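Below, each chain spelled out in residue letters.
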Amino acid sequence: MWVTMTPDGPQNAVITLDGILGDNIVTEKTYPVVTALRNENWFRIKPVVHPGEYFKKLNTSLSLINRAEPPMHITGTFERSDLEYEPGYVDTTVAAQEQIDIPITLAAENPVSIRDLQDHLPVVQLKAAYFETSKNPISLSASRKLLIDWRHSCDFRPDLRPPNALSGCAVAERRGF
């Protein structure tokens, strides 16, 4: 370890036989937050199952989970311009070892077909950052699709038996058997 005193305080450099290591090295101090970010389990989006194929308004929730000790700051947006989101963006801080659940509403002026959405599902893009672990913030961006579907009916067919049926549903007919 090499320490240089400057007017702003000490500057540290990690020196090895191979050379000087940069600020982005994972140390014992930064390992918990790097692991929390890399595992990508710091946010979840509740899938939506709507009663019908068309909707004008859907509700879901976004869970932000901080599994490390310092506070985690999260910012982000929702992608898909033909839908309106409430809230329109995310900008919040999650305390150490805490979880925040944010209700999300998707709305459209005209009815939207969930079938048509399947090829272009809305995407949540977030960036999580820890600021108290080193002089440079440790951050990572992640994105997830918002899974949306509607309730499908399953015609009961007691005459179908496995392997062509699953719990009496006419699965064989849908697959073209």
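Preceding this section is the structure that the text describes.
Let us look at the structure shown here. All of these numbers come straight from a predicted model, not from anything done at the bench. (Residues numbered from 1 in each chain as written. Predicted model: local features only at pLDDT ≥ 70, side-chain atom pairs only at ≥ 80, totals over all residues. Heavy atoms only, no water.)

Ranked by size, the top nonpolar core spans 37 residues in total, and within it Trp42, Phe43, Leu62, Leu64, Ile74, Leu126 and Ile148 carry the most contacts. The element contributing the most residues to this core is strand β10 (residues 99-113), with 5 residues. (Core = buried A, V, L, I, M, F, W, Y, C linked by side-chain atoms within 4.5 Å. Buried < 20%, exposed > 50% of the residue type's maximum accessible area, 1.4 Å probe, protein only. Helix = DSSP H or I, 4+ residues; strand = E, 2+ residues; numbered from the N terminus.)

Read from one edge of the open sheet, 4 strands run β4-β6-β10-β8, paired in antiparallel fashion. In the strand order of this sheet, the two ends are held by β4 (43-45) and β8 (84-86), each with one partner. Ignoring strand direction, the axes of neighbouring strands in this sheet form an average angle of 20°. Two strands pair when backbone bridges link them, and strand β6 (residues 54-65) and β10 are joined in this way by 11 bridges, in the antiparallel orientation. Its bridge partner lying in β10, Lys57 is registered against Ala107. (Pairing = 2+ DSSP bridges. Axes fitted to C-alpha atoms, helices over the stretch in contact; angles between N-to-C directions.)

With that settled, consider the pattern of salt bridges. On inspection of all chains with the given rule, the structure shows 2 salt bridges. Arg115 serves as the salt-bridge partner of Glu53, at 3.2 Å between the closest nitrogen and oxygen. On the criterion of sequence distance, the pair formed by Glu53 in the loop between β5 (48-50) and β6 and Arg115 in helix α2 (residues 114-117) is long-range, its members being 62 residues apart. Across the salt bridge formed by Asp82 and Arg80, the nearest N and O atoms sit 2.9 Å from each other. The class of Asp82 is partly exposed, set by a relative accessible area of 45%. (Salt bridge = Lys/Arg side-chain N within 4 Å of Asp/Glu carboxyl O.)

All buried positions along helix α1 (residues 31-38) are accounted for by Val33, Val34, Ala36 and Leu37. The buried side chains of α1 occupy one side of the element, clustering within an arc of 160° when seen end-on. Of the exposed residues in α1, those oriented more than 90 degrees away from the buried face are Tyr31 and Arg38. Packed against the buried residues of α1 are β7 (72-79), β11 (123-130) and β12 (138-145). Where α1 ends, the next residue or the one after it, Glu40, has phi of about 55°, a positive value. (Arc of directions from axis to C-beta. Contact = heavy atoms within 4.5 Å.)

Attention now goes to the packing of aromatic side chains. Aromatic rings in a pair are described by how distant their centres are and how their planes are angled relative to each other. The final tally for this structure, using the stated rule, is 2 aromatic pairs. For the ring pair Trp42 and Phe43, a centre distance of 4.9 Å and an interplane angle of 55° mean the geometry is tilted. Here Trp42 matches Phe43 in class, with each residue buried. Ring geometry for Phe78 versus Tyr85: centroids 5.0 Å apart, planes at 15°, classification stacked. As far as burial versus exposure is concerned, Phe78 and Tyr85 are alike and both buried. (Phe/Tyr/Trp six-rings, centres within 6.5 Å; stacked < 30°, edge-to-face > 60°.)

Here the focus is the side chain of Thr60. Along the chain, Thr60 turns up in strand β6. At 2.4 Å, the side chain of Thr60 forms a polar contact with the backbone oxygen of Lys46. With sequence-adjacent residues up to four places away left out, Thr60 is seen in contact with Ile45, Lys46, Val48, Ile102, Pro103, Ile104, Leu106 and Leu146. (Polar contact = N/O pair within 3.5 Å; in protein donor to acceptor, adjacent residues only side chain to side chain.)

Strand order across the open sheet formed by 4 strands is β9-β7-β11-β12, with antiparallel pairing between neighbours. Edge strands, defined here as strands with exactly one partner in the open sheet, are β9 (89-94) and β12. The average undirected angle you get between the axes of adjacent strands in this sheet is 15°. Relative to β11, β7 is paired through 7 bridges, and the arrangement is antiparallel. Bridging from a neighbouring strand, Thr75 pairs with Lys127 of β11. Along the sheet, α1 contacts β7, β11 and β12; its crossing angle with β12, the most-contacted strand, is approximately 15°.

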